[in-house]
Each structure stands twice: as C-alpha cells, then as structure tokens.
Amino acid sequence: MSSDNFLLVAAIDFGTTYSGYAFSTRHDFLRDPTKISLVQWSGSAGMVSPKASTCVLFKPDRSFHSFGYEAEDKYLNLALDKDHEDWYLFRRFKMNLYNTKLERNVQLTDFSREKKMPLIDVISATIAHLKSHLMAKCKEQGAEVNDSEVRWVLTVPAIWTDPAKQLMREAAEMAGIRKKQLVLSLESEAASVYCKHIPLMKQAIGDNGDLDVLQAGTKYMIIDAGGGTVDITVHEIQKDGHLREILVASGGDWGGTKVDEAFESLLQAIIGKQAFQEFKSNHILDLLDLTRIFEVTKKTIKDNNSDKVTFSIPVSFLSTYNSLYPEQDIENTIAGNKHLSSHVELLRDKLRLSGTKAVSLFDQSIANITEHVRKLLLDPKVRGISGILMVGGYSECPLLRDAIWRVVGDTRLFIPNDAGLAVLKGAVITGHCPSTVSERVCKYTYGVDTWSRFKEGRHREDYRVTAADGTTRCKFAFSSFVRKGTAVKMGHQTKAKKYTPASTAQDGMNFTIYASTEEEPVHVTDTSCQKIGKFTIDLPDTTRGLARTVSVTMCMGGSEIDIKAVDEDTGQVVRASCDFLC
C-alpha cells in the first residue's frame, strides 16, 4: 500500500507489562500529527488507563476468551470457584521474544506453569483481538473504514533480533493483517518521532530551561525504558525533518519487570525457596493478586525515603511457611537473617519494608541502565548532544530518573508529559510517514555462508575444498554484504554479490545468513558469528548447467532485512524467500 491511499493508521503497542492501541485518520494527521485517538481500558476497583495489562485468557479448548484487565478478573473469579485449572492465562509474555531461541513452534508456558501453547498463537490471538476492538472503536467514533484502507503499525524493541521481528510479523498476518498493510516500528524510533512533533514542556530534572520543539541539527539521546527492555540510541534531525540514527540502538532486559523479579527474590528469602515455590504453585489466585498490589505500590517508592513501605500479603503466603515449618516462627527466622532483620517486618497480613530495602529492589535494574548510559556518553559520536529524552512507562519512575540525572552531568534531561504513551503515539505518526527515519547504523556485519576462492594465509587449511569446476575453494567462508557500523539509508541495497551453482543439476541455492560482531569476519564458524536465518533462490532451469549466475543484494535501512536476487543472464528477478525462524 502506498503512503497516499490509506485513510487511517492504527498502531498496536504490544508491551511487556501493558499494551494498547491508537489511531488517526489521514485527514486529522494532515491537520495536526499529534491528534491521535486512544481508548480507555477499565478494570476492577475502578481502574481506568489508556493501556491494559498484557494478559490474555484462553478457554480449555484453547480458543480466545478475553484480554487485559478483563482476562485477569475472569481468571480471578474462576480461581475463586476453583474452575481455573483447565484455562490458559498468559501474562507478560513479550520477553519470550527477547530471551528465547526462537522457532515457529516455540511453546509458551501459562501462568500456572503447567500448560503450554505455541507462542505465535498467543501473540496472534492478542493482535487479532486488539485489531477487532480497534475497528469497532473507529466505527463508534465515526471513522469507519474498510479493512483494506488501514495501515497497521506494530511496535517492536530496537534491540530485538530479526527472528523476533519475523515472528511478530507472521503472528500479525495470522491475525488477519495483510503483509502489504503492515509496518514494524522500532519503539525508540517511534518515541523519537513523536517527541519531534511536540514541545517538551515538562522537564524531568536539571536546569530551568525547556527543550523546545526539536530543530534541524539537534542531536539527542533517547532512553526508551519499558516494562521489559530498555532501548537507547542517538538521533540527529536533518534539514528535511527526517531523523538520522548516529548510534546503533543498544540496551538490554533491564526494564521494570527486573524490579518485580527482585521483589519475588525478597519474598523467597523471607519464607524460603521451597515454601515460596509451593505458594506460587498452590495459590495462583493470591499470587496474581500480590503481583497486582506490588505493581501499584512500587510506583510510590522514592529515593531517600525514611518511611516504611507497606504491602498487603495474602494469608496463604504465611500459612504455606507455617505448614512446612510448624516448629519455626517466621518473625524469629527474619530476626536471625542479617540481611532482613533491620529491614523486613511482618504484621499479620502486612509486609513492611524499610525505605532502604524498598529502594534496593530497583538496584540491579537501575545499575544496568546507568552503567550503559555512562559508557555511551563516552562515545565520540555522542558528544555534543543537546539533551536526553526519557520515554516509556518505566521512565516515569523517580528513582530511575534521578539515577540517570546523576550520570549525565550537565546534559539536560527531559521527559514528555505522556512518556508512557510516546511509543504508541509515535507509531501512529510513523504509519503516516514510514520513512521519517532516513538512515540507520548497522549493528552487525551481515553475510552468508559460501564457498569462496581459497586465499592462502587467510582461510583455514582444513576448510580447503575442490569445487566442481576444479577451483580451490574455502567452505564456511563469510561473504559479507554490509559491515558493522555502516550508515545505510532507508531502502539501501547492498552491493550485489554474484553466485553460481556448485553442480549442473542444482535447481536452487540455499544460503545461511549470519551476523557478526566483527567488522571483517573470515569464517562463519568464528566465535563472533551467529546464524540468524536462511534464504533460498530458485533455479528451476538446469539446462545451462554451471553457466548460471545470480546477483544477490540485501535491502537494508528499514526495520527488517529483505533479499533480492536477479538472474544475470535473463535479468529476471528470481524468487528468494527469507526465513529467520528456521
């Protein structure tokens, strides 16, 4: 679909902790790019928010039931009636796309840790529900359009691998979104695009100045801190308004869920590993309720807070401990632990932590982020930045913002009023202008596994082979298409590489794609290299034997890699199918 013939852009921000969608019509975008429609999700206890909990519930037959707060509330009611055991509840499953070696059939374990479903099916059902919900909401607001007139945008972390991006794309296609109507938007880029359109009137920390609407020549760092991952990159605004990436996106799984993990570790330290595992297994209802309570309470924790932080804990938490250790008193156990005695107190159904202990739950997450930012600020490419933008839900955490401020020194630190929605809103704008980011930096050296001509002193002797044409070749040679650190324009096509079949009867060529952290890898077996996918080129006409040459290019600069192959003799484009989930 061209950029001119769609009537509406709909973006889905599929987050680790929270997910949501937004949309705008072509007409509204042309009048005001920031005029974007959101939906309010409702939950129990009067909870209303522009994003819902990333939680999806399936019936015992694995058919979709509900999403978000509705899914959590339904599961809680099922658990109260003890009817939940055959149902499938999945929460915060996005990180499986970051931490897992991905294949199409990779399985996702449900909340009970007893049942599994294919990860791609869970994601696809979630996208399908959000798509259906969004289209219904558009109709309610008088923006009814045909499905073919919508451009869909899915957000993905910039540090995700190509297999993870492909799995998201395939899940979206399974959900009914046509390939030609789908754009993958890198989250930090989407946030940057949004911030470029607004005055950043709210300053997080620092001097009294404000960073006005970002102007041409402005160079700035974006820290996208979400629930799961933290993406950090540096952009520069060009004269034509486009963004140029001058530092490749980097980061890690240091988001807000790391704080949740630290809280779980503390609970385990209090009652012991065995008791905590039994609590998690036998009291799923209480565990879900406890995670909800902590999600709310952790947002109130501030640095240098002498006040104790109090959590309500379920009766089953202590009863599990008492049933395993009837001769021991939990208070004496805590008093005997030098790491807990001065910081942890249990009073009936209340867990009280000292301010110091509560803040320490953020230590690992914040230390990883600040150390990475400190290193990036030493990079010559980063010198002269006008400021640092913090976006994402976790960026609203005072502890994180204060820690970043202490690292960045005189560099101004800013946060938009709606930092938690910057990615979602930016994704909508990106859908209207997919080429806003005009240049990116290659994170790796990309290439394929080939039989190159053997070079003495360069190639390994044990890789020497003789090809069908009698030439001496090196198997497992790394044939590079683009080097790490290379700046590539949107839609950039690498210099063509020419390949010929190894035998006269060969009706296709199979290539394995590798990524290397080195600029000039020699063999695909080098420790710096990792297999990331494969592509196949069809050569059905074998009548020309070995006299067949195919010219192959990689299309770079976008959020995904594509392959183009051309028959040198006929000039015809040869079908080349690329698969990163092999």
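Everything numeric here is computed off the predicted structure, so don't read it as measured data.

Definitions and cut-offs
Residues numbered from 1 in each chain as written. Predicted model: local features only at pLDDT ≥ 70, side-chain atom pairs only at ≥ 80, totals over all residues. Heavy atoms only, no water. Pairing = 2+ DSSP bridges. Helix = DSSP H or I, 4+ residues; strand = E, 2+ residues; numbered from the N terminus. Axes fitted to C-alpha atoms, helices over the stretch in contact; angles between N-to-C directions. Contact = heavy atoms within 4.5 Å. Patch = residues over 30% accessible without salt bridge, like charges linked within 9 Å, V, L, I, M, F, W, Y side chains within 5 Å. Areas by Shrake-Rupley, 256 points an atom, 1.4 Å probe, with all protein chains shown as cover. Salt bridge = Lys/Arg side-chain N within 4 Å of Asp/Glu carboxyl O. Lys, Arg positive; Asp, Glu negative; His and termini not counted. Charge placed at Lys NZ, Arg CZ, Asp CG, Glu CD. Phe/Tyr/Trp six-rings, centres within 6.5 Å; stacked < 30°, edge-to-face > 60°. Buried < 20%, exposed > 50% of the residue type's maximum accessible area, 1.4 Å probe, protein only.

(A) Local environment of the sheet that holds strand 20 (residues 350-353). Ordered in space as 18-20-19, the three strands form an open sheet in which the pairing is antiparallel. Across the chains shown, the open sheet's two edge strands, defined by having one partner strand only, are strand 18 (309-312) and strand 19 (344-347). Sheet twist, expressed as the average angle between the axes of neighbouring strands with direction ignored, equals 20 degrees.

(B) Molecular detail of unusual backbone geometry. One non-glycine residue, arginine 62, adopts positive backbone phi at about 70 degrees. Note that arginine 62 resides in the loop between strand 7 (55-58) and strand 8 (64-67). Of note, the phi angle at phenylalanine 476 is positive, near 65 degrees, even though the residue is not glycine.

(C) Expanded view of the environment of glutamine 40. Mapped onto the fold, glutamine 40 is located in the loop between strand 3 (37-38) and strand 4 (41-42). Sequence spacing of glutamine 40 and lysine 51 is eleven residues, and the spatial spacing of their C-alpha atoms is 7.0 Å. Ignoring any residue separated from it by four or fewer positions in sequence, one finds glutamine 40 in contact with Val48, Ser49 and Pro50.

(D) Quick look at a negative patch on the surface. Together, Asp81, Asp83, Glu85, Asp86 and Glu114 make up a region of like negative charge exposed at the surface. Along the chain, the position of aspartate 86 falls in the loop between helix 2 (69-80) and strand 9 (88-91).

(E) Structural view of the packing of aromatic side chains. Under the criterion given, the structure shown has 17 aromatic pairs. Ring geometry for tryptophan 41 and phenylalanine 67: centres 5.6 Å apart, planes at 70 degrees, overall edge-to-face. Taken together, the residues tryptophan 41 in strand 4 and phenylalanine 67 in strand 8 connect sequence positions 26 residues apart. The exposure class of phenylalanine 67 is buried, given its relative accessible area of 3%. Pairing tyrosine 463 with phenylalanine 476 gives two aromatic rings, centres 5.0 Å apart and planes at 70 degrees, and the pair type is edge-to-face. Taken together, the positions of tyrosine 463 in the loop between strand 24 (445-453) and strand 25 (464-466) and phenylalanine 476 in strand 26 (residues 472-482) put the pair 13 residues apart, joining distant regions of the chain. The class of tyrosine 463 is buried, set by a relative accessible area of 8%.

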